[in-house]
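The primary structure of each chain is shown beneath.
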Amino acid sequence: MTETVPKLSSAEIAQLRPETRLVQGGILRSPFGETAEALYLTQGYVYESAEQAEARFKGEDPGFIYTRYSNPTAAMFETRLALLEGAEVARGTASGMAAVTASLLCQLKAGDHVVAARALFGSCRYVIEELLPRFGIATTLVDGTDLAAWKAAVRPQTRVLFLESPTNPTLELVDIAAVAEISKAAGACLIVDNVFATPMLQSPLALGADVVVYSATKHIDGQGRCLAGVVLCSEKFLTDHLQTFLRQTGPSISPFNAWVMLKGLETLPLRVERSQASAATLADRMAELPGITRVIYPWRADHPQHELARRQMRGGGTLVTFEVEGGKAGAFRFLNALKVVRISNNLGDAKSLVTHPATTTHQRFSPEARAEMGIFDGMVRLSVGLEHVDDLTDDIARALQAV
Ligand SMILES: *Cc1c(COP(=O)(O)O)cnc(C)c1O
């Protein structure tokens, strides 16, 4: 057996193109020289001596201590995604919500204030609107598209600004660079939930954000198997806030899930490119179909923020939202008539999935609150998968006849 020395250093890999970084980045090869990344299912690690154990706990020996702290498979996933995102460091978590919650709680304390866009993934909104105030952290929700509202909401105690863009399910955009400026001026930390854009289509750190979070459950797995999340940030944020919080509270990523995500990253560009091309085609085709009253897709010229989309994104994404005639009843008839596209609240899967936000993901809001968020009863959200776009078109056109 030979000790395998990498032929490319991390610095050299960082110079390579994104697709190459996603295949070659972060590999920790064992003495067996395996081609595929190894799955290290272990809770702990043995030390050569008591002295080594002491040095490791002191941080003087760089090895692993315990999988709640870190794990070689998790480390490969984290390094690979950090290389793609252009972040100094990444830390995997058990789910996207663990990443969101950790990125907030690790840096906040009673008396602090958070400003967030109102249009948020339901659980993110719960954490910000209901959970944080229970611990004495004040929060203000604003219309994310209104820059004056962000500015007006900032107080001397404001520590965090939080947003997602495009938003779920209305695919509204927030001007990340403009909010980053407001955040910097306030001395706050801007956290961006980048799930809908994926790391392929939008780079919030380059636009001025301080922290990026993902639900890797979505496009990074991309085949509907495991839950995972990631926080990407600077070395300083990791040392000052995140590291101790993660180690002591334990929302760790399981090595198995990290391995699935690590392998998912290899094909992320191919999958996102294909799903996005189909989404763009479907958006244009659906706009012509009878029974559909409105199509929302950030790359279309009729999207109210398509100029911003072209400025801060590299593509329109893999989701299309639209409204069918006949309100809830029309939407239900449409969903029930689909055969290739299946009903599920998940997204970013190889399988195309459709959901009716008003009765599922946004059910707990009052009709008035939903209207304020632009979510109407005929609205349908489609996550475009990897099926042939013509089969998806046929399925949708046929189901529309039921409306
Ligand atoms: C799914 C999702 C989350 C939560 O991720 P989990 O992996 O389900 O915990 C957070 N934000 C957005 C935008 C999501 O789509």
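None of the values given here were measured: they were computed from a predicted structure.

Calculation rules
Residues numbered from 1 in each chain as written. Predicted model: local features only at pLDDT ≥ 70, side-chain atom pairs only at ≥ 80, totals over all residues. Heavy atoms only, no water. Helix = DSSP H or I, 4+ residues; strand = E, 2+ residues; numbered from the N terminus. Rg over C-alpha atoms; globule rule 2.2 N^0.38 Å. Buried < 20%, exposed > 50% of the residue type's maximum accessible area, 1.4 Å probe, protein only. Areas by Shrake-Rupley, 256 points an atom, 1.4 Å probe, with all protein chains shown as cover. Lys, Arg positive; Asp, Glu negative; His and termini not counted. Charge placed at Lys NZ, Arg CZ, Asp CG, Glu CD. Polar contact = N/O pair within 3.5 Å; in protein donor to acceptor, adjacent residues only side chain to side chain. Contact = heavy atoms within 4.5 Å. 1 Å grid on protein atoms, 1.4 Å probe; cavity = no way out; pocket = protein on both sides within 12 Å on 5 of 7 lines; lining within 4 Å. Points joined across faces, edges and corners; volume = space filled by probe spheres on them. Nonpolar A, V, L, I, M, F, W, Y, C, P; charged D, E, K, R; others polar. Near = heavy atom within 4 Å. Expected span 1.5 Å × (residues − 1). Arc of directions from axis to C-beta. Phe/Tyr/Trp six-rings, centres within 6.5 Å; stacked < 30°, edge-to-face > 60°. Axes fitted to C-alpha atoms, helices over the stretch in contact; angles between N-to-C directions. Parallel < 35°, antiparallel > 145°, perpendicular 65-115°, else oblique. Left-handed = near helix turned anticlockwise from the far one by under 90°.

Asker: Tell me what's going on with the overall build of the chain, and back it up with residues and numbers.
Answerer: Assigned secondary structure in the chain consists of 15 helices and twelve strands. Relative to its length of 403 residues, the chain is compact, with a C-alpha radius of gyration of 22 Å against a globular reference of 22 Å. C-alpha extents for the chain along the principal axes are approximately 75 × 50 × 35 Å. Expressed as a percentage of the 403 residues in the chain, the buried residues total 53%. For the chain, the computed accessible surface area is about 17,600 Å², with 53% contributed by carbon and sulfur atoms. Side-chain charges of the chain comprise 39 positive and 44 negative groups, with the mean position of each set lying 2 Å from the other.

Asker: Provide a residue-level description of the side chain of Arg-300, including the pertinent values.
Answerer: Position of Arg-300 relative to the elements: it lies in the loop between strand S8 (292-296) and helix H12 (306-312). Taking relative accessible area as the criterion, Arg-300 reaches 17% and is therefore assigned buried. For Arg-300, the side chain forms a polar contact with the side chain of Asp-302, separated by 2.9 Å. Arg-300 has contacts with Ala-283, Asp-284, Ala-287, Val-295 and His-306, leaving out every residue within four places of it along the chain.

Asker: Give a detailed account of empty space enclosed by the protein, specifying residues and quantitative values.
Answerer: Under the definition given, this model contains two cavities of 30 Å³ or more. Of the voids in this model, the largest cavity is the one considered here, and its volume is about 50 Å³. The wall of the largest cavity is formed by His-219, Gly-222, Arg-271, Val-272, Ser-275, Thr-318, Gly-348, Asp-349, Ala-350, Val-384 and Leu-386. For the lining of the largest cavity, the residue count by class is four nonpolar, five polar and two charged. As a volume, the second largest cavity reaches approximately 40 Å³. Together, Val-195, Thr-198, Pro-199, Tyr-214, Ser-215, Lys-218, His-219 and Ile-220 line the second largest cavity. Looking at the lining of the second largest cavity, the elements that each hand over two or more residues are helix H9 (198-201) and strand S6 (211-215). Residues of the lining of the second largest cavity, tallied by class, amount to four nonpolar, three polar and one charged.

Asker: Provide a residue-level description of the site of the ligand, including the pertinent values.
Answerer: With respect to spatial proximity, 13 residues lie near the ligand, and among them Gly-96, Asp-193, Ser-215, Thr-217 and Lys-218 are the closest. Contact between the ligand and Asp-193: a nitrogen atom at 2.6 Å from a side-chain N or O atom of the residue. In the environment of the ligand, an oxygen atom lies 2.6 Å from a nitrogen or oxygen atom belonging to the side chain of Thr-217. Taking 380 Å² as the accessible area of the ligand by itself, protein coverage stands at 91%.

Asker: Explain the environment of Thr-101 to me, using residue names and the numbers behind them.
Answerer: As for its position among the elements, Thr-101 is in helix H5 (residues 96-105). The exposure class assigned to Thr-101 is buried, which follows from its relative accessible area of 19%. It is 31 Å that separates the C-alpha atoms of Thr-101 and Phe-322, two residues lying 221 residues apart in sequence. Polar side-chain contacts of Thr-101 include one of 2.8 Å to the backbone oxygen of Met-97.

Asker: Explain helix H15 (residues 389-400) to me, and be specific about the residues and the numbers.
Answerer: Over its twelve residues, H15 runs 16 Å from end to end, which matches the ideal 16 Å to within 8%, given 1.5 Å per residue. When H15 is considered as a whole, its buried residues turn out to be Val-389, Leu-392, Thr-393, Asp-395, Ile-396, Ala-399 and Leu-400. Buried positions in H15, seen along its axis, are confined to an arc of 165° and lie on one side of it. Looking at the buried side of H15, the elements it contacts are helix H11 (255-287), S8, strand S9 (319-324), helix H13 (327-337) and strand S12 (379-383).

Asker: Account for the packing of aromatic side chains, naming residues and giving values.
Answerer: This structure, assessed with the given rule, holds three aromatic pairs. Both rings, one in Phe-322 and one in Phe-334, keep their centres 5.7 Å apart while their planes meet at 85°; by these two values the pair is edge-to-face. Of this pair, Phe-322 sits in strand S9 while Phe-334 sits in helix H13; the two residues are twelve residues apart in sequence, bridging distant segments of the chain. For the pair shown, Phe-322 and Phe-334 are each scored as buried.

Asker: For the packing of helix H4 (residues 72-85) against H11, give the residues involved together with the corresponding values.
Answerer: Between H4 and H11, the least distance of the axes is 8 Å, while the angle of their chain directions is 30°. Here H4 lies roughly parallel to H11, going by the angle between them. The two elements H4 and H11 cross, and the hand of that crossing is left-handed. Facing Thr-73, Ala-74, Met-76, Phe-77, Arg-80, Leu-81 and Leu-84 of H4, the residues of H11 in contact are Pro-255, Ala-258, Trp-259, Met-261, Leu-262, Leu-265, Glu-266 and Leu-268.

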